[in-house]
Every structure is written in structure tokens, then in C-alpha cells.
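Below are the chains, spelled out letter by letter.
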Amino acid sequence: MYENMVTARYYEERLQEEYLEGKQPAFDISAGPIPGELHLAAGHEASGAGVCIHLRDDDTVTAPHRPHHIAIAKGVDLKRMTAEIFGRRTGLGKGKGGHMHLFDPDVNFACSGIIAQGCPPAVGAALAAKKRNTDSVAVAFLGEGAIDQGAFLESLNFASVQNLPVVFVIEDNDWAISMPKDRITDVQDGSKRAAGYDMHGIRVDHDDALDVYEAAEEAIGRARDGNGPTLVEVQVHRRMGHFMGDAQGYRPEVDIERHQARDSIERLAADLRAHDVSDEDLDALRSDAEEHVEAAIEWAKDQPEPDPEEAYDDVFTNPPDGATDRERAGDVRADGGDD
Ligand SMILES: Cc1ncc(C[n+]2csc(CCOP(=O)(O)OP(=O)(O)O)c2C)c(N)n1
Ligand SMILES: [Mg+2]
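Because the structure is a prediction, the values reported are computed rather than measured.

The protein atoms that coordinate the magnesium ion (ligand 2) are Glu144 (OE), Glu144 (OE), Asn173 (OD1) and Trp175 (O), at distances spanning 2.1 to 2.8 Å. Around the magnesium ion (ligand 2), the 6 donor atoms are arranged such that angles at the metal cover 51 to 179 degrees; this shape is classified as irregular. With a relative accessible area of 1%, Glu144 lands in the buried category.

What follows is the structure, given as C-alpha cells:
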């Protein structure tokens, strides 16, 4: 878990540097090697690592718009993921999805920029696992800002009524962009929503990786043993802005300091030292992680850009009846639009 967490943290720090290149002095979101929005997850690491350590490649994970720590913990190929983030042709989605749309079928990982969108597909994967009589499970991660979305609430209901092997993990970082949690819901403990579906609910109220590990062990074990779904909420911390370029004018300085002071990585390091893991061992894990990240970034930046001729390839499936050959080939939009 420690190796995973330091990899994720260093990855975010390096992406932050790469992202800002070419976007200054006036912030230009479309410029630089990583064009578009970038949501970094520094401070969320305990949740991804503590949950995904219990998963196998054949288990499914869906993640939201802040996905990197979860993808890393699930074992997504770091080189191809990084190439995707840099918009390169050898990226996971041939450079067309970017950082919010990472799909790795080798380890059954997907994420989406639409909040709570990952819940129904995770429930679908769980239903498929049940019908196939396998013991694989699915986990849907979402933010606390998404817990009033219909997609989430309907997924809880369906998972419960069908007794599906799925776990929902709410990452509660107190904020949904600029909106504090207490302004969007009167139920501050999101895991309580489980009760309305006769489902197990657990809240880990601090982002201690070992406590997340234990909560996830119980939840994933229940799913794998055929005993149905669980809703887990983990308190995490948003150490950065909502996305890169967010000046956070809405956020009290004291709140930023509180989130930055709480570091689950330092906490796990202290736990490991208390169990006689040496500083040298921790340093070695950290430098291996840094090398791994640097190699992925170096590789990604060397990869070719996509060919504009291929812009529409793989974009449409199942063109509607009546689509022309040109539309089928993806040359123009099947609904007649030309943009
Ligand atoms: C269905 C939908 N509505 C609105 C948005 C715009 N949006 C992007 S992120 C976000 C807030 C997400 O907050 P939270 O779920 O707490 O995740 P966090 O960013 O804190 O990790 C919103 C409203 C969206 N992406 N999808
Ligand atoms: Mg949030």
C-alpha cells in the first residue's frame, strides 16, 4: 500500500509540473503538453490503496473524474495511462479520452468525467459476475458531491435487491468543486444512506490506510462470498484545488492548511516504522516509485501524436439505420451534424 501511495502522490506532483508547462504566464487551459482539465488526487491515496489491494485483475473498478490514485492501485499500465493523459496515440484510448476517460480492459478499469456515472456499470459488472457464477466483484468509487445523483441511488437499490457483489466507495473530501458538503446534504455520514436500502454501511472517518484496508476487506469479502453489496465512505483530504488552475478563492486558508496537515502517507510510514520497517526500506520504496513514474512520463512524452485522419475512428459504434457509408466510417456525425 505504501508503494502504491507514494507512486500516486509523486505521479500527481510530476503531472502538476508537466501540466503548467506552456500554460503560463496567463493560464491557458488548452496549451501545453496536457491540454484540458486536470483533477489531481493528492490526499486521496489511502482510499485507492486500501481498497484495491484486495482486488484481482478480473474484478472491476470504476472511478470518477479524479482517478489516478485508483487507477494506479488497480494496476493500470502506467505508461499507457500517462500517454493517454498526454494525448498520445499509444495511450489507453489512443489519446482521445484524456485523464478523465481512462479504460484498461486488461485490469477491468474505467473512469468518467460524469459524476456517479461509474455506479451503473459497476453494478452491471457485478450482475455479470453473479450470472456467470464467478467470485469476481466490482467497486464503484465516487465523490461525496455525487451522492444525491440518481445513478448512485438507483444503483444502491438495484445492487441491494439483487444481492450483487459490488462495493460503493464514497471519497469524502468535504468539497464538490467550491461547494462544502454541509451545504449539499443534511446527512454528513454518507454511509448512512445504506440503511435506506437494507445494505451494510461503514464510514472510515479519517484516511488511515490500515483502517481503510480493514473496512474494504470486510466489504469486498462480503461481496466475494455472495453476501451482497456494501457502502463505504472514507474521509480523505483535498490537498490541491478542484482542478489545476483553481485559485480556491472560496476556500478558507485554515481549511487548506487542515487538509494539508493530514497526510495518510506520513501516517502509514509511521505505522511501518513502528513495525520495524527501516527508513532505508521506506526510502527505497519511494525512489523505486519515483523511477517508475519518471520512466512512464519520459516514455509518454516520446510517443507519437494521433493522426488527425483517425479523429473519428473508434468514436461511434452501432451507427443508426440509414447511416451513410461515410458516417459508418466515422467521417461525419451520424446525426447529420458536421462539427
Ligand atoms: C452529472 C454531472 N454533473 C455535474 C458535473 C460537474 N462536476 C464536475 S466535478 C463536480 C463535483 C464533484 O465533487 P465530488 O463528487 O465531491 O468529487 P471531488 O471533485 O471532490 O473529488 C461536479 C459537480 C459533472 N461532471 N457531472
Ligand atoms: Mg468531494
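Once the structure has been displayed, the description carries forward.
Applying the stated criterion across every chain, the model contains 26 salt bridges. With a closest N to O distance of 3.1 Å, Asp174 and Arg258 form a salt bridge. Remark: Arg258 occurs in helix H8 (residues 253–261) and Asp174 occurs in the loop between strand E5 (166–172) and strand E6 (175–176); sequence separation between them is 84 residues. With relative accessibility at 43%, the residue Arg258 sits in the partly exposed group. With a closest N to O distance of 2.5 Å, Arg203 and Glu233 form a salt bridge. You can see Arg203 sitting in strand E8 (residues 200–204) and its partner Glu233 sitting in strand E9 (residues 230–235), a full 30 residues away along the chain. Among the residues examined, Glu233 registers a relative accessible area of 0% and is labelled buried. Shared partners join several salt bridges into a network, and the residues in it are Arg14, Glu17, Glu18, Glu294 and Lys301.

The next subject is a nonpolar patch on the surface. On the surface, a cluster of nonpolar side chains totalling about 250 Å² of accessible area is made up of Tyr312, Val315 and Phe316. Secondary-structure assignment places Phe316 in the loop between helix H10 (279–301) and helix H11 (325–328). Classification of Phe316 by relative accessible area gives partly exposed; the value is 36%.

Take Asp59: it is sitting in the loop between helix H2 (45–52) and strand E1 (60–63). Overall, Asp59 belongs to the buried group, its relative accessible area being 0%. Here the side chain of Asp59 touches Arg56 through a polar contact of 2.7 Å, landing on its backbone nitrogen. Excluding anything up to four places from it in sequence, Asp59 contacts His54, Lys74, Val107, Asn108, Ser136, Val137 and Arg224.

The next subject is the packing of helix H9 (residues 264–274) against H10. The interhelical angle for the contact between H9 and H10, taken along N-to-C directions, is 140 degrees, at an axis separation of 10 Å. As judged from the angle between their axes, H9 and H10 are oblique. Of the two possible hands of crossing, H9 and H10 adopt the one that is right-handed. Seen from H9, the contacting residues are Ile265, Glu266, Ala269, Leu272 and Arg273; seen from H10, they are Asp279, Leu282 and Arg286. Its residues placed into classes, the contact of H9 with H10 shows 4 nonpolar, no polar and 4 charged.

Enumeration according to the criterion identifies 3 aromatic pairs in this entry. Seen in terms of ring centroids, Tyr19 and Phe27 are 6.3 Å apart; in terms of plane orientation they differ by 40 degrees. Their pairing is tilted. Centre to centre, the rings of Trp175 and Tyr250 are 5.5 Å apart; their planes meet at 55 degrees, and the pair counts as tilted. Taken together, the positions of Trp175 in strand E6 and Tyr250 in the loop between E9 and H8 put the pair 75 residues apart, joining distant regions of the chain. The class for Trp175 is buried, based on a relative accessible area of 9%. A cation sits over an aromatic face here: Lys23 above Tyr19, 3.8 Å from the ring centre.

Another aspect to go through is the pairing of E8. Sheet topology places E8 next to E9; 5 bridges connect them, and they run parallel. Within the sheet, the bridge partner assigned to Arg203 lies in E9 and is Glu233. Once the chain exits E8 it traverses helix H7 (residues 209–224) before rejoining the sheet at E9, and the crossover so formed is right-handed.

Across the 6 residues of strand E4 (residues 138–143), 5 count as buried, placing the element largely inside the fold. In this sheet, E4 lies alongside E1 in parallel orientation, the contact comprising 3 bridges. Pairing of Thr62 across the sheet is with Ala140, part of E4. Across 6 bridges, E4 lies against E5 in parallel orientation. Bridge assignment links Ala140 to a residue of E5, and that residue is Phe168. Regarding topology, helix H6 (residues 150–161) serves as the crossover connection from E4 to the parallel E5, and that connection is right-handed.

Calculation rules
- Residues numbered from 1 in each chain as written.
- Chains lettered and ligands numbered in written order.
- Predicted model: local features only at pLDDT ≥ 70, side-chain atom pairs only at ≥ 80, totals over all residues.
- Heavy atoms only, no water.
- Donors = N, O, S within 2.8 Å, 3.2 Å for Na, K, Ca; no water.
- Tetrahedral: all angles 85-135°; square planar, octahedral: opposite > 155°, others 65-115°.
- Buried < 20%, exposed > 50% of the residue type's maximum accessible area, 1.4 Å probe, protein only.
- Salt bridge = Lys/Arg side-chain N within 4 Å of Asp/Glu carboxyl O.
- Helix = DSSP H or I, 4+ residues; strand = E, 2+ residues; numbered from the N terminus.
- Patch = residues over 30% accessible without salt bridge, like charges linked within 9 Å, V, L, I, M, F, W, Y side chains within 5 Å.
- Areas by Shrake-Rupley, 256 points an atom, 1.4 Å probe, with all protein chains shown as cover.
- Polar contact = N/O pair within 3.5 Å; in protein donor to acceptor, adjacent residues only side chain to side chain.
- Contact = heavy atoms within 4.5 Å.
- Axes fitted to C-alpha atoms, helices over the stretch in contact; angles between N-to-C directions.
- Parallel < 35°, antiparallel > 145°, perpendicular 65-115°, else oblique.
- Left-handed = near helix turned anticlockwise from the far one by under 90°.
- Nonpolar A, V, L, I, M, F, W, Y, C, P; charged D, E, K, R; others polar.
- Phe/Tyr/Trp six-rings, centres within 6.5 Å; stacked < 30°, edge-to-face > 60°.
- Lys NZ or Arg CZ within 6 Å of the ring centre and 35° of its normal.
- Pairing = 2+ DSSP bridges.
- Right-handed = clockwise from strand over helix to strand, strands pointing away.

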